[in-house]
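Structural characterization, general
As a plain string of letters, each chain reads:
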Amino acid sequence: MTPNNESNSRLALARADSGDEPICNPLHARTFSEVLAETQLRRRNVLRGGLGAAVTMLMGPAALASWPAPTTHTKGERPGLLGFQAIPTSVADSVVVPEGYRVQVLLPWGEPITGTYPSFDGLRASNSAQDQAEQVGTHHDGMHFFPSLDAAGRPRSDEGLLVINHEYVDRLFLHPDGAVLSAPRPFEEVAKEMAAHGVSVVEIRRDSLAQWSALRGPRNRRITATTPMRFEGPAAGSPLLRTRYSPEGVLVRGTLNNCAHGVTPWGTYLTCEENWANYFCNREARPPREHSRYGVRNTPGPLGWYSVPGWHTVAAAEDPDGLCARFDATPSGSSAVDDYRNEPNAFGWVVEIDPQDPDSMPVKRTALGRFAHEGIVFQPPRAGRRLVAYSGDDARFEYIYKYVSREPYDPDTAGSHLLDEGTLYVARFDTGGRGRWIPLVHGRHGLTQAAGFRDQAEILVNARAAADRVGATPMDRPEWGAVHPKTGEVYFTLTNNNDRDPESTDAANPRGPNRFGHIIRWREDVPLPAVNEESIGFSWDIFIFAGDHSTGRVQGRPLDDSNVFAAPDGLWIDPDGRLWIQTDIGSGAMNRGDHEVFGNNQMLCADPTTGEIRRFLTGPVGQEITGVVATPDQTTLFVNVQHPGETTSGPAFERGEWTSHWPGGAPSRPRSATLAISRIDGGKVGG
Ligand code: FEO
Ligand code: CA
Ligand code: CA
Ligand code: CA
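Rules of the game
Residues numbered from 1 in each chain as written. Chains lettered and ligands numbered in written order. Predicted model: local features only at pLDDT ≥ 70, side-chain atom pairs only at ≥ 80, totals over all residues. Heavy atoms only, no water. Donors = N, O, S within 2.8 Å, 3.2 Å for Na, K, Ca; no water. Helix = DSSP H or I, 4+ residues; strand = E, 2+ residues; numbered from the N terminus. Buried < 20%, exposed > 50% of the residue type's maximum accessible area, 1.4 Å probe, protein only. Pairing = 2+ DSSP bridges. Axes fitted to C-alpha atoms, helices over the stretch in contact; angles between N-to-C directions. Core = buried A, V, L, I, M, F, W, Y, C linked by side-chain atoms within 4.5 Å. Contact = heavy atoms within 4.5 Å. Salt bridge = Lys/Arg side-chain N within 4 Å of Asp/Glu carboxyl O. Phe/Tyr/Trp six-rings, centres within 6.5 Å; stacked < 30°, edge-to-face > 60°. Patch = residues over 30% accessible without salt bridge, like charges linked within 9 Å, V, L, I, M, F, W, Y side chains within 5 Å. Areas by Shrake-Rupley, 256 points an atom, 1.4 Å probe, with all protein chains shown as cover.

Observations regarding the coordination of the calcium ion (ligand 3)
Within the first shell, the calcium ion (ligand 3) binds the protein through Glu479 (OE), Asp569 (OD) and Asp584 (OD), at distances of 2.3 Å. One chain supplies every donor for the calcium ion (ligand 3), spaced along it as E-x89-D-x14-D. The distance between the calcium ion (ligand 3) and the calcium ion (ligand 2) is 3.7 Å, with Glu479 acting as a donor to both metals. With Glu479 in strand β20 (residues 478-483) and Asp584 in the loop between β27 (579-583) and β28 (602-606), the pair connects residues that are 105 residues apart, well separated along the chain. Classification of Asp584 by relative accessible area gives buried; the value is 17%.

Structural notes on the sheet that holds strand β29 (residues 613-618)
Pairing is antiparallel in the open sheet, where 4 strands are placed in the order β26-β27-β28-β29. Strands at the two margins of the open sheet, each flanked by one partner only, are β26 (568-573) and β29. Going across the sheet, the axis of each strand differs from the next one's by a mean of 25°, ignoring polarity.

Looking at the nonpolar core
Counting 66 residues, the largest nonpolar core has Leu256, Trp276, Phe280, Ile376, Tyr401, Val426 and Leu440 as the members making the most contacts within it. Top contributing element to this core by residue count: helix α10 (residues 463-470), with 5 residues. Among residues more than four places away in sequence, those in contact with Val426 are Tyr399, Ile400, Tyr401, Arg436, Trp437, Ile438, Leu440, Ala467, Val470 and Ala472. Ile519, Phe543, Ile544 and Ala546 belong to the second largest nonpolar core, which has 26 residues in total.

A short note on the pattern of salt bridges
Scanning all chains against the criterion turns up 43 salt bridges. Ionic pairing is found between Arg406 and Glu421, a salt bridge with its closest N-O pair at 3.0 Å. Separated by 15 residues along the polypeptide, Arg406 in strand β16 (residues 400-408) and Glu421 in the loop between α8 (417-420) and β17 (422-429) bring together distant segments of the chain. Among the residues examined, Glu421 registers a relative accessible area of 34% and is labelled partly exposed.

Focus: the packing of aromatic side chains
Tallied over the full model, the rule gives 30 aromatic pairs. Considering the side-chain rings of Trp212 and Phe638, the 5.2 Å spacing of their centres and the 70° angle between planes classify their relative orientation as edge-to-face. In this pair, Trp212 sits in strand β5 (residues 212-214) while Phe638 sits in strand β31 (residues 636-642), placing the two residues 426 residues apart along the sequence. Of the residues examined, Phe638 reaches a relative accessible area of 0% and is grouped as buried. Here the aromatic rings of Tyr390 and Trp522 are separated by 5.6 Å at their centres, their planes lie at 70°, and the arrangement is edge-to-face.

Points about a nonpolar patch on the surface
A cluster of nonpolar residues, Val250, Leu251 and Met361, forms a patch on the protein surface that exposes about 190 Å² of accessible area. A residue is classified by how much of its surface remains accessible, and Leu251, at 31% relative accessible area, is partly exposed.

Brief notes about α10
Burial of α10 is extensive: 6 of the 8 residues sit out of reach of the surface. Buried within α10 we find Ala463, Arg464, Ala465, Ala466, Ala467 and Val470. Here the buried face of α10 lies against α7 (289-292), β15 (396-398), β16, β17, β18 (434-439) and α9 (456-461). One or two residues past the end of α10 sits Gly471, with phi positive at roughly 85°.

Structural notes on the pairing of strand β2 (residues 140-149)
Summarising burial for β2: 8 of the 10 residues are buried, a large majority. As paired strands, β2 and strand β3 (residues 155-166) are joined by 7 bridges and run antiparallel to one another. In the strand pairing of β3, Phe145 is matched with Leu162.

Considerations on unusual backbone geometry
Residue Trp662 is joined to Pro663 through a cis peptide bond whose omega torsion reads 0°. Mapped onto the secondary structure, Pro663 falls in the loop between α11 (650-654) and β32 (673-679). The backbone phi angle of Ala210 is positive, close to 65°, even though this residue is not glycine. When you line up the elements, Ala210 lands in the loop between β4 (198-206) and β5. Look at His445: it is not a glycine, yet its phi comes out positive at around 50°. Note on placement: His445 falls in the loop between β18 and α9. We classify His445 as partly exposed; its relative accessible area is 45%.

Focus: the environment of Phe653
Along the chain, Phe653 falls in helix α11. Exposure remark for Phe653: the relative accessible area of 7% places this residue in the buried category. When the C-alpha atoms of Phe653 and Gly178 are compared, they prove to be 8.2 Å apart, with 475 residues separating the residues in sequence. Other than its neighbours up to four places away in sequence, Phe653 contacts Leu172, Phe173, His175, Pro176, Asp177, Gly178, Thr648, Trp658 and Arg669.

Re the sheet that holds β31
Pairing is antiparallel across the open sheet formed by 4 strands, whose spatial order is β1-β32-β31-β30. Looking along the sheet, the strands with just one partner apiece sit at the ends: β1 (101-106) and β30 (624-630). Mean inter-strand twist for the sheet, computed between neighbouring axes without regard to direction, equals 25°. Where β1 and β32 come together, 6 bridges link them in antiparallel fashion. By the bridge assignment for β32, Gln104 is matched with Ala676.

Interpretation note: all reported values are geometric properties and have no functional meaning in isolation.
Rendered as structure tokens:
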């Protein structure tokens, strides 16, 4: 085996704050007059002094008046929503939570859950690809708890299905001696990497001592980068989805880079495909926009993060079904059904999974558009009104989208048809705290054949290009969203953007460079439109500017020792209205320079009404905290720890000097895992 000489530290530095995609939106899709107007506004505000003043001015008094005034609390006072003491930042290789709480590690990478239940080798990671396909994957991310029902049909808080996304893999730790980094790559290694991706569905139960355990239940399932799936919605069967594997353009093998998630009102799980472009290559001189606008380059992974040399380099003799060859999208035959030129078009979707039926085929729902989907969140549905969902495209200068079903929601008949027939919109954030949703519909707003869009399928496959065309607002990397269950207010994290220069700031992305990120929120004029009613206007403001003691602001007040943070990413609002915020400072920036003050990645809890915010959890070394959901009674909070030890460089890996051995301790390998967090007194977590 070729020694592993991969320098993760170099890659990590490149990845520090920019995510895993290159900038693909060269124009930032704004007109000159918009840039000019915003630049003039910003200069006026700088003259008036201070970030707070600038934000107030950009938003305008009307927008501010529409939000509740923040309440100030004296230090030490215990307001209603947040009932725990903030913890300090940490650089320890452990999970820390407030006094009165306990943490259990559940479902780490490698835990056997299906098939022959192969035991995990935590020292050498010697498990085979087949073993991995029967074990929990790596890089836990979005997650949901589907409770079992009791005899009376009520949801239980001690038993259910935990469904977990597995975003990507760390090749240093996945294979016993790191990965072979020369072409051709061994099939067995690539197959193991594919098997570690996807989704795990696992039945779990809490015992009388409040300990959770994974069961070998009949609904347990692994979905991977090779699981057969089909397309539904307007782009299913489109010529743009035809491949050698599926000449009709209706099937695809696998889901990739499953970042955050969503949950439908009818109880299915949605897994979202984020940085899928990094797995592909297309060596054409001028790749089609379906590839170039999404960052598919002539070698896989522009940052070399996932798969250099690519999965496609596996020898043909080892890969008769093209499982690996499909990641080279360079045309080699005479038409799309001879090769895999369209394989990248089969990724970048939201995938619906029925967690209750392990034999069901996952479905990529094309009406929701194709981009680097971070996650998807729904407005609480109401009978007789159309269903509304939001999804962010996480790359620098990309957009936030909204989907509205054509048919109204009916709890008795609600199902997947609501995700197949509807309208996709994209957000334009205007000055004055107002914004508009612009429909991406064929024939409207210049989305015509003459402009390069033959039909709705072509718009959906090229959602980014369509959004460019209609003048959407390029954002600072939209990550998770959350909808307040009572007010319908929508919150979105904008994690950071070092490439936004001072001249390209706008009202909704007012810091250039945006080193630490912010959280934006909006209120719809019509949250749940009726049939034949369009909902296009909204009011917005910035809830919080992440940062250190001098740059962080929540509702105009500076952040302090109890809550400084950077790179907001995961987001969830619990049934009581607590806003849980998780951070993902990149491996190259973590605990260095202006990010040293934030320590390891963490989770905070905020009261959206008062702006109170406290640090609730700090994670081990080299990881991000991502994924959060509670049991129905809110006495257990499930939280994911992704990629502990990612700050380990290639040479340090070889020397056995790993930055983390969490959760097993030395000498075992670091493992992504789920945390089950509860209060010792059995109360609601966070309360
Ligand atoms: Fe997978 Fe944008 O985080
Ligand atoms: Ca994320
Ligand atoms: Ca992130
Ligand atoms: Ca990460």
